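The lines below spell out each chain.
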Amino acid sequence: MTRVNDHYLKLRAGYLFSEIARRVREFQAQHPDAKLIRLGIGDVTRPLPPAAIRAMHEAVDEMARVETFRGYPPETGYDFLVDAIARQDYGERGVKVAPDEIVVSDGSKQDTANIQEIFAPECVVALTDPVYPVYLDSNVMAGRAGSADADGRFDRIVYLPCTAENDFLPRLPDRPVDLIYLCYPNNPTGAVMTRAALKTWVDYARERTAVILYDAAYEGYIRDPDVPHSIYEIEGAREVAIEFRSFSKSAGFTGTRCAFTVVPKELQGRSATGDAVSLHALWVRRQSTKFNGVAYVIQRGAAATYTPEGRKQTKALVDYYMENARIIRQGLEATGLTVHGARNAPYIWVKTPPALDSWGFFDKLLAEAHVVGTPGAGFGPSGEGYFRLTAFGGREQTEEALHRIKTRFRP
Ligand code: MLT
């Protein structure tokens, strides 16, 4: 028999959202009449912005004519998309990002999972706890995490606990690290980092020559003017940070798939011989070997979200979900639960009642209210005692979920 990658055997049996789907399927099989409301995985429910739909229809027509047909897309994305990103996501905020520093992809999940490949296996990784499981699992698969204890803590990972006591904001690591994953607005806690707080991380990374992997997939949900939309708003970040952005949550592209990663030209790592190496060059090399680009039709749809009407429609989508976030937050607070997040993020991070751990809360909510959420423990040991709901449902379902929680659920 052929040897397998033993590091995979160190992973928890199922990816968090697959495990939830499995439990929900089982419950539904036993209770076929239960009308489930799914506020678990952060998957959007509203249709794409009409501007994106129109652009995609036109692009499909182009693919039908020999004069306008397109084959492989450019490796790092079409100019019409990267130019719009550089100008509107960055330039308009006074942030310098050049179009050729942007690498278009089919998702931030993939990019945040794959980025570790361009770093040495011995790099020490720091992760917030709780954390989006992909950052951890991809490093476990690569053999960078070491071995797990009974609580699922890996001995080579530096965990940065984010708890109510520190407002869900991590402290700087107490030992040297090479790679730091930060996600703000945060999945799963919904916490945000102010400019001043993010500056301490950039300064730390500069001092220690660490690299920050900054997942800004939920940037579109920021309301507070003190919260930076990009890590490059912080002076010096271009030399230490890679930023991930996505059209999934802002423009509804979870099924359509389009995202991008910014790797500034100044950002360098070093080789075994101590020579400086461009991380941008390595990432483009990785992507051009293992990925063939995002379809023309999809990139046209993404680019349409930057037109005046596309921007208005995208903002309306985000506003819709943020109204759901408000409904959930206020509804849960009215039941006496302690609620975090939901103000600059589409996630609501709920403290479970004292007698219930997070999977216990999951099971009870499912059984009594037929509402599906995500147990905090699935995001890491510090997520125990918490539960996540998403604001990505339809309005009616969201209101109905809150009604059921208020009337049927006995914490
Ligand atoms: C989540 O529920 O955490 C998100 O859907 C994850 C993702 O975007 O892959």
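Let us look at the structure shown here. Since the model is a prediction, treat every value here as computed from it, not as a measurement.

Concerning the overall build of the protein chain
Part 1: Counting its secondary structure elements, the protein chain contains 12 helices and 15 strands.
Part 2: Over its C-alpha atoms the protein chain spans a radius of gyration of 21 Å, differing by no more than 12% from the 22 Å that the globule rule assigns to 411 residues.
Part 3: C-alpha extents for the protein chain along the principal axes are approximately 60 × 55 × 55 Å.
Part 4: Here the protein chain holds 411 residues, and 55% of them are scored as buried.

Details of the site of the ligand
Part 1: Around the ligand lies a shell formed by Phe17, Ile41, Gly42, Tyr132, Asn187, Tyr218, Lys249, Tyr347 and Arg388.
Part 2: Side-chain polar atom of Tyr132 to an oxygen atom of the ligand: 2.6 Å apart, as the coordinates give it.
Part 3: Between the ligand and Asn187, the relevant distance is 2.8 Å, taken from an oxygen atom to a side-chain nitrogen or oxygen of the residue.
Part 4: Across the complex, the protein chains shield 85% of the 270 Å² of accessible surface that the ligand would expose by itself.
Part 5: Of the residues assigned to the shell around the ligand, the class counts are 5 nonpolar, 2 polar and 2 charged.

Side note on the packing of aromatic side chains
Part 1: Counted according to the given criterion, the structure contains 21 aromatic pairs.
Part 2: Residues Tyr320 and Tyr321 carry aromatic rings whose centres are separated by 5.7 Å and whose planes lie at 85 degrees to one another, so their mutual orientation is edge-to-face.
Part 3: Here Tyr321 falls in the buried class, since its relative accessible area comes to 1%.
Part 4: With centroids separated by 5.0 Å and ring planes inclined at 75 degrees, the aromatic side chains of Tyr321 and Phe392 adopt a geometry described as edge-to-face. Of this pair, Tyr321 sits in helix H10 (residues 308-334) while Phe392 sits in the loop between strand E15 (386-390) and helix H12 (395-408), and the two are 71 residues apart along the sequence.
Part 5: Cluster of aromatic residues (ring-pair linked, three or more members): Tyr218, Tyr221, Tyr320, Tyr321, Tyr347 and Phe392.
Part 6: A cation over an aromatic ring shows up here: Arg153 above the ring of Tyr159, its NZ or CZ 5.4 Å from the ring centre.
Part 7: In this structure, Lys351 is placed above the aromatic ring of Tyr386, and the distance from its NZ or CZ to the ring centre is 4.7 Å.

Examining the state of the cysteines
Part 1: All chains considered together, the criterion is met by 0 disulfides.
Part 2: You can see Cys162 has no disulfide; the closest cysteine sulfur is in Cys183, sitting 11 Å from it.

A look at the pairing of strand E8 (residues 259-262)
Part 1: The alternating pattern of E8 places Ala259 and Thr261 and Phe260 and Val262 on opposite faces, both of which are buried.
Part 2: Pairing geometry for strand E2 (residues 102-105) and E8, over 4 bridges, is antiparallel. Of the residues in E8, the one forming a bridge with Val103 is Thr261.
Part 3: As defined by bridge partners, strand E7 (residues 241-246) adjoins E8 across 4 bridges and the pair is classed as antiparallel. Bridging from a neighbouring strand, Ser246 pairs with Ala259 of E8.

What to know about the sheet that holds strand E14 (residues 374-375)
Part 1: Strand order across the open sheet formed by 4 strands is E11-E12-E15-E14, with antiparallel pairing between neighbours. Strand pairing shows two members of the sheet lacking a second neighbour, strand E11 (339-341) and E14, which therefore form its edges.
Part 2: Here 3 bridges tie E11 to strand E12 (residues 347-351), and the two strands are oriented antiparallel to one another. Of the residues in E12, the one forming a bridge with Gly341 is Ile348.

A few points about unusual backbone geometry
A negative phi holds for most residues other than glycine; trans holds for most peptide bonds.
Part 1: Cis peptide bonds are those with omega within 30 degrees of zero, and the linkage from Asp129 to Pro130 qualifies with 10 degrees.
Part 2: Structurally, Pro130 is set in the loop between strand E3 (125-129) and helix H5 (133-141).
Part 3: Of note, the amide linkage connecting Tyr184 to Pro185 takes the cis form, showing an omega dihedral of -10 degrees.
Part 4: Within the element layout of this structure, Pro185 appears in the loop between strand E5 (179-183) and helix H6 (195-208).
Part 5: Despite not being glycine, Phe168 has its phi angle at roughly 60 degrees, a positive value.
Part 6: Structurally, the position occupied by Phe168 is in the loop between strand E4 (157-161) and E5.
Part 7: On the accessibility criterion, Phe168 (4% relative accessible area) is buried.
Part 8: Not every positive phi belongs to a glycine, and Thr209 is a case in point at roughly 50 degrees.

Conventions adopted
- Residues numbered from 1 in each chain as written.
- Predicted model: local features only at pLDDT ≥ 70, side-chain atom pairs only at ≥ 80, totals over all residues.
- Heavy atoms only, no water.
- Helix = DSSP H or I, 4+ residues; strand = E, 2+ residues; numbered from the N terminus.
- Rg over C-alpha atoms; globule rule 2.2 N^0.38 Å.
- Buried < 20%, exposed > 50% of the residue type's maximum accessible area, 1.4 Å probe, protein only.
- Near = heavy atom within 4 Å.
- Polar contact = N/O pair within 3.5 Å; in protein donor to acceptor, adjacent residues only side chain to side chain.
- Areas by Shrake-Rupley, 256 points an atom, 1.4 Å probe, with all protein chains shown as cover.
- Nonpolar A, V, L, I, M, F, W, Y, C, P; charged D, E, K, R; others polar.
- Phe/Tyr/Trp six-rings, centres within 6.5 Å; stacked < 30°, edge-to-face > 60°.
- Lys NZ or Arg CZ within 6 Å of the ring centre and 35° of its normal.
- Disulfide = S-S within 2.5 Å.
- Pairing = 2+ DSSP bridges.

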